[in-house]
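Here are the chains, one letter per residue:
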Amino acid sequence: MNSLFLKLCPSRRDALRRFANGFGMVALAGLLADEAKGAETNSAATNPLAVKPPMFAAKAKRLIFLFMSGGPSHVDLFDPKPRLASDNGKPLPFEMPKLVRTKTGNLLQSPFKFKKYGQAGIEVSDLFPNVATCMDDICVLRGMVADNINHNGACLQMNTGEQAFSRPSLGSWLLYGLGSENQDLPGYVVISPSQPAQGAPLWSSSFLPAAYQGTLVANLKDPIANLKNARFSTDQQREQLDVLKELNELHRKTRQEDSQLSARIESFELAFRMQREAPEAFNVNAETEATKKLYGLSDKTTEIFGTQCLMARRLVERGVRCVQVYHTQTAKRSSCQLWDQHGGLRAELPANCAATDAPIAGLLKDLKARGLLKDTLVLWGGEFGRTPTAEGTDGREHHPFGFTMWLAGGGIKGGIVHGATDEFGWHALEEDKVHVHDLHATMLHLMGIDHEKLTYRYAGRDYRLTDVSGEVVKKILA
């Protein structure tokens, strides 16, 4: 009877394979894959930031993202439009997209002048005279497009690839895919004196292990708080950490892998190592007077952003994989959206440019002089651009339909313009249009990563930075 029952009654795996067209086995395969992924995570938990080889030969080893929080106006900075001047005050001669926040008025010419720079004669606003001298090293993307017209969603997309939901940031994906060359410093550093729109989700690791999240530096005078221990010597701290590590390991063995716990354990070790490395890495006063002058540290107007840029150079020079530099504070004001000129365009935009122009040019020239620009990718831009039409009499609205960003170094072809907007600066032209996903795919490619293969399984599916889109922009590669 028992033998007959065993022959007639299928095993659990047979049942999963036969019933409901085998969908049960599909679910089991997913669970086993998640378990396998967990095993991989466990094996890497002891050193999640260890250097990993790129998928193919990389042209860039590190990234500096200069983020102009609020949305810089492309038609006033890098995308001159003579038609705006000839039709100033006239209505836009075509229907605006349905996706608008507020109704804007007629066309508004740029109050600023443009000149040609570099061997290719790339036109740049007179608001960026120092950056303009670097145009032979810069690739200007005039046909950028994004999908969200609000700051929070657009900032999320530009930094994480997703507009609404929590997703790992660009820097977190780079750490996950490549690790960090310096184990004594955070592999991903965010320098922002004030909080940008959305804040911490822009550098979050989300569902990736917590070790890959960005480390925020807000206080430029005391970048990493509580590094010094006045009570215990270095040897005593080492003994304490060894005992604590043993206790934590005993605790970890009794439960499933928890990335937050693993990151917490590793953070103690990293903090100990940082006591030696971090003070020196962030000490911009150790630079020569000539270097500090190059970044504008001797001028109150440029001192804040110059300090941020100089810190970024010192960090990538020491093997930090990704540094994001948010422009959120000047000598006169701070804001989560400094470049959000709904009004005050004629005064506030020049003030923002004056605060950042010399530091950005100083960064590019310093990286080049040190031989670092060739494998350091520098990205400049914001979450979107501004409308060619006027908001009030002295402002522009949010504009994701066509705007400008630029890249330099790290395998980028310098001295070129890629893409364009129409004659009014409203729509990005289809030819050579670059979506945010395309930008991310290209940046990962330059770092030696296939954006379609850098995935992480979470909640039963494989996620990636570019979601299900994105193509490498091959025309801008050197």
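Our subject is the structure listed above.
Quick summary incoming for the structure in this document. (Residues numbered from 1 in each chain as written. Predicted model: local features only at pLDDT ≥ 70, side-chain atom pairs only at ≥ 80, totals over all residues. Heavy atoms only, no water.)

**Observations regarding the overall build of the chain**
Part 1 of the argument: For the chain, the helix and strand inventory stands at 13 helices and 15 strands.
Part 2 of the argument: Restricting to contacts in the chain with at least 6 residues of sequence separation, those with at least 24 account for 79%. (Helix = DSSP H or I, 4+ residues; strand = E, 2+ residues; numbered from the N terminus. Contact = heavy atoms within 4.5 Å.)

**Considerations on helix H11 (residues 303-317)**
Part 1 of the argument: In this model H11 runs 21 Å from its N-terminal to its C-terminal C-alpha over 15 residues, within 8% of the 21 Å that 1.5 Å per residue would give.
Part 2 of the argument: Among the 15 residues in H11, 13 count as buried, and that is most of the element.
Part 3 of the argument: Just beyond H11, the residue with positive phi is Gly319, at close to 95°. (Expected span 1.5 Å × (residues − 1). Buried < 20%, exposed > 50% of the residue type's maximum accessible area, 1.4 Å probe, protein only.)

**Overview of the nonpolar core**
Part 1 of the argument: Within the largest apolar cluster, 57 residues are counted, with the highest numbers of intra-cluster contacts made by Leu66 and Trp406.
Part 2 of the argument: Beyond its immediate chain neighbours, meaning those up to four positions away, Leu66 contacts Phe305, Cys309, Val325, Ile360, Leu363, Val378, Leu379, Trp380 and Gly381.
Part 3 of the argument: Residues Ala146, Met158, Leu175 and Leu377 belong to the second largest nonpolar core, which totals 52 residues. (Core = buried A, V, L, I, M, F, W, Y, C linked by side-chain atoms within 4.5 Å.)

**Brief notes about helix H6 (residues 151-160)**
Side chains three or four residues apart in an α-helix point the same way, a direct result of the helix having 3.6 residues per turn.
Part 1 of the argument: Where burial is concerned, most of H6 is hidden: nine out of the ten residues are buried.
Part 2 of the argument: In the stretch just after H6, Gly161 is the one whose phi turns positive, near 90°.

**Comments concerning the packing of H11 against helix H12 (residues 345-369)**
Two packed helices can be described by the angle between their axes and the distance between those axes.
Part 1 of the argument: Where H11 contacts H12, the axes come no closer than 8 Å and their chain directions differ by 20°. Between H11 and H12, the crossing angle belongs to the class labelled roughly parallel. H12 is crossed by H11, and the crossing has right-handed handedness. Contacts from Phe305, Gly306, Cys309, Arg313 and Val316 in H11 reach Ala355, Thr356, Pro359, Ile360, Leu363, Asp366 and Leu367 in H12. (Axes fitted to C-alpha atoms, helices over the stretch in contact; angles between N-to-C directions. Parallel < 35°, antiparallel > 145°, perpendicular 65-115°, else oblique. Left-handed = near helix turned anticlockwise from the far one by under 90°.)

**Overview of the pattern of salt bridges**
Part 1 of the argument: Under the counting rule described, the total for this entry stands at 27 salt bridges.
Part 2 of the argument: In this structure, Arg370 and Glu317 form a salt bridge, with 3.3 Å as the shortest nitrogen-oxygen distance. With Arg370 in the loop between H12 and strand E8 (376-381) and Glu317 in helix H11, this residue pair connects regions lying 53 residues apart in the sequence.
Part 3 of the argument: For Glu317, a relative accessible area of 33% gives the class partly exposed.
Part 4 of the argument: A single network of salt bridges, built from pairs that share partners, joins Glu280, Glu287, Arg313, Arg314, Glu317, Arg318, Asp366 and Arg370. (Salt bridge = Lys/Arg side-chain N within 4 Å of Asp/Glu carboxyl O.)

**Side note on a nonpolar patch on the surface**
Part 1 of the argument: Residues Val243, Leu247 and Leu250 make up a contiguous nonpolar surface patch of roughly 300 Å² in combined accessible area.
Part 2 of the argument: Along the chain, the position of Leu250 falls in helix H8 (residues 234-253). (Patch = residues over 30% accessible without salt bridge, like charges linked within 9 Å, V, L, I, M, F, W, Y side chains within 5 Å. Areas by Shrake-Rupley, 256 points an atom, 1.4 Å probe, with all protein chains shown as cover.)

**Some points on unusual backbone geometry**
Part 1 of the argument: In the Ramachandran plot, Gln198 falls in the positive-phi region, its phi being about 85° despite a non-glycine side chain.
Part 2 of the argument: The residue Gln198 is located in the loop between strand E5 (188-191) and strand E6 (215-217) in this model.
Part 3 of the argument: Overall, the relative accessible area of 29% leaves Gln198 in the partly exposed class.
Part 4 of the argument: Backbone geometry at Asp432 places phi at a positive 70°, although glycine is not the residue there.

**Let's talk about the packing of aromatic side chains**
Aromatic rings in a pair are described by how distant their centres are and how their planes are angled relative to each other.
Part 1 of the argument: One pass over the structure, following the stated rule, counts 16 aromatic pairs.
Part 2 of the argument: Arranged with centres 6.2 Å apart and planes meeting at 55°, the rings of Tyr458 and Tyr463 form a pair that is tilted.
Part 3 of the argument: A relative accessible area of 40% means that Tyr458 is categorised as partly exposed.
Part 4 of the argument: Directly above the ring of Tyr463 sits Arg461, whose terminal nitrogen or CZ lies 3.9 Å from the centroid. (Phe/Tyr/Trp six-rings, centres within 6.5 Å; stacked < 30°, edge-to-face > 60°. Lys NZ or Arg CZ within 6 Å of the ring centre and 35° of its normal.)

**Things to note about the pairing of strand E2 (residues 114-117)**
Part 1 of the argument: Summarising the sheet, E2 and strand E3 (residues 122-125) pair through four bridges and their orientation is antiparallel. Its bridge partner lying in E3, Phe114 is registered against Ser125.
Part 2 of the argument: Between E2 and the antiparallel strand that follows it, E3, lie four residues; Gly118 among them carries a positive phi value of about 75°. (Pairing = 2+ DSSP bridges.)

**Digging into the environment of Ser206**
Part 1 of the argument: Locating Ser206 in the fold gives a position in the loop between E5 and E6.
Part 2 of the argument: A residue is classified by how much of its surface remains accessible, and Ser206, at 24% relative accessible area, is partly exposed.
Part 3 of the argument: Separated by 39 residues in sequence, Ser206 and Arg167 place their C-alpha atoms 5.3 Å apart.
Part 4 of the argument: Those residues in contact with Ser206 that sit more than four places away from it in its chain are Ser166, Arg167 and Pro168.
Part 5 of the argument: A polar atom in the side chain of Ser206 sits 2.8 Å from the side chain of Ser166. (Polar contact = N/O pair within 3.5 Å; in protein donor to acceptor, adjacent residues only side chain to side chain.)

**Considering the pairing of strand E11 (residues 403-408)**
Part 1 of the argument: Most of E11 is tucked away, with six of its six residues classed as buried.
Part 2 of the argument: Of the two faces of E11, the one carrying Phe403, Met405 and Leu407 and the one carrying Thr404, Trp406 and Ala408 are both buried.

**Observations concerning the environment of Leu174**
Part 1 of the argument: Following the sequence through the fold, Leu174 ends up in helix H7 (residues 170-178).
Part 2 of the argument: Classification of Leu174 by relative accessible area gives buried; the value is 2%.
Part 3 of the argument: For the pair Leu174 and Leu465, spaced 291 residues apart in sequence, the C-alpha separation works out to 9.8 Å.
Part 4 of the argument: Not counting chain neighbours up to four residues away, the residues in contact with Leu174 comprise Leu63, Gly179, Arg321, Cys322, Leu444, Met447 and Ile449.

**Overview of the side chain of Gln308**
Part 1 of the argument: Mapped onto the elements of the fold, Gln308 is located in helix H11.
Part 2 of the argument: Assessed through its relative accessible area of 0%, Gln308 is described here as buried.
Part 3 of the argument: Not counting residues up to four positions away in its chain, the partners in contact with Gln308 are Ile191, Ser192, Pro193, Leu220, Val325 and Tyr326.

**Here we look at the environment of Pro350**
Part 1 of the argument: Positionally, Pro350 belongs in helix H12.
Part 2 of the argument: Separated by 224 residues in sequence, Pro350 and Asp126 have C-alpha atoms that sit 9.4 Å apart.
Part 3 of the argument: What Pro350 contacts, discounting residues up to four positions off in sequence, is Phe112, Leu127 and Leu345.

Limitation: the analysis is restricted to geometry and does not speak to function.
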